[in-house]
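Next come the chains, spelled out residue by residue.
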Amino acid sequence: MLLGAIGLLVVALIWVVVPTLEPRIINSGDTAPDFTITTDAGRTVTRENFGGKLLVLNFWATWCAPCIDEIPTLDAFQRQFAQQGVVVLGVSIDRNEKIYRRFLDRVGVSFQTARDPEANISASYGTFQVPETYIIDRNGKVLEKVISNQNWMDPEFLARMRRLL
């Protein structure tokens, strides 16, 4: 009888613990996890205080070819929508700060950038490969999740973004 009780306790423990071991993956409709990061320009940005109507939170790295491919259109997207309250924040998971800074100096983007070398923020979103982008409203709700690289100037995508504003 004691062994049966121990067996039931073990099963109950496994039933409670196992779901917590899986990483939480954030999708459209979910509340975005809170974060705080200081941009390369020295500005502190949080999910709740980003200074706009929509936050485009893009996780990327200099060693990621699809990330590099989407940067020109993401930059053009930021320039086109900045006056309408869209804030693009590119969070790099690069560990090597010198390579990261050299890349940004060479490319010169208009959107805000920051580095999270431990990938803590992207991990809290369940992002383990880049690029991945979350479009988050002022209330912290994920309106859209973009997996892989995106042509940010695609007319259909731009029309969707205008509807979100």
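Remember, it's a predicted structure, so these values are computed and weren't measured experimentally. (Residues numbered from 1 in each chain as written. Predicted model: local features only at pLDDT ≥ 70, side-chain atom pairs only at ≥ 80, totals over all residues. Heavy atoms only, no water.)

**Concerning helix α2 (residues 65–81)**
Note the following rule: Numbering goes from the N terminus for both helices and strands, where a helix is a DSSP run of H or I of at least four residues and a strand is a run of E of at least two. Every helix has an expected span of 1.5 Å times one less than the residues it contains. Here the bend at a residue is taken as the angle between two axes, fitted respectively to the seven residues that end there and the seven that start there. Exposure classes here rest on a 1.4 Å probe applied to the protein chains alone. A residue is buried below 20% of its type maximum, exposed above 50%, and partly exposed in between.
Taking 1.5 Å per residue as the helical rise, α2 with its 17 residues ought to reach 24 Å, and the 25 Å between its terminal C-alpha atoms agrees with that figure. I71 marks the point of greatest bend in α2, at about 40°, and the proline P72 comes within the next four residues. Within α2 the residues assigned to the buried category are C67, E70, I71, L74, D75, A76, F77, Q78 and F81.

**Regarding unusual backbone geometry**
Omega for the bond connecting V130 with P131 falls within 30 degrees of zero, at -5°, which places this linkage in the cis form. Along the polypeptide, P131 turns up in the loop between α4 (120–124) and β6 (132–137). Backbone geometry places A119, a non-glycine residue, at a positive phi of 55°. Assignment of secondary structure puts A119 in the loop between β5 (112–115) and α4. Located in the positive-phi region is S148, a residue other than glycine, with phi close to 80°. With respect to the helices and strands, S148 occurs in the loop between β7 (142–147) and α5 (155–164). According to the relative accessible area criterion, S148 is partly exposed, its value standing at 32%.

**Section: the nonpolar core**
Looking at soluble globular proteins, one finds that nonpolar side chains tend to be buried together. How we decide: Put simply, a nonpolar core is a bunch of buried Ala, Val, Leu, Ile, Met, Phe, Trp, Tyr and Cys residues held in one set by side-chain atoms that sit within 4.5 Å of each other.
Counting 28 residues, the largest nonpolar core has F35, L57, L89 and Y125 as the members making the most contacts within it. Broken down by element, this core gets its largest block of residues, four residues, from strand β3 (residues 54–60). Of all hydrophobic cores here, the second largest spans 14 residues; its members include V88, F111, I135 and M161.

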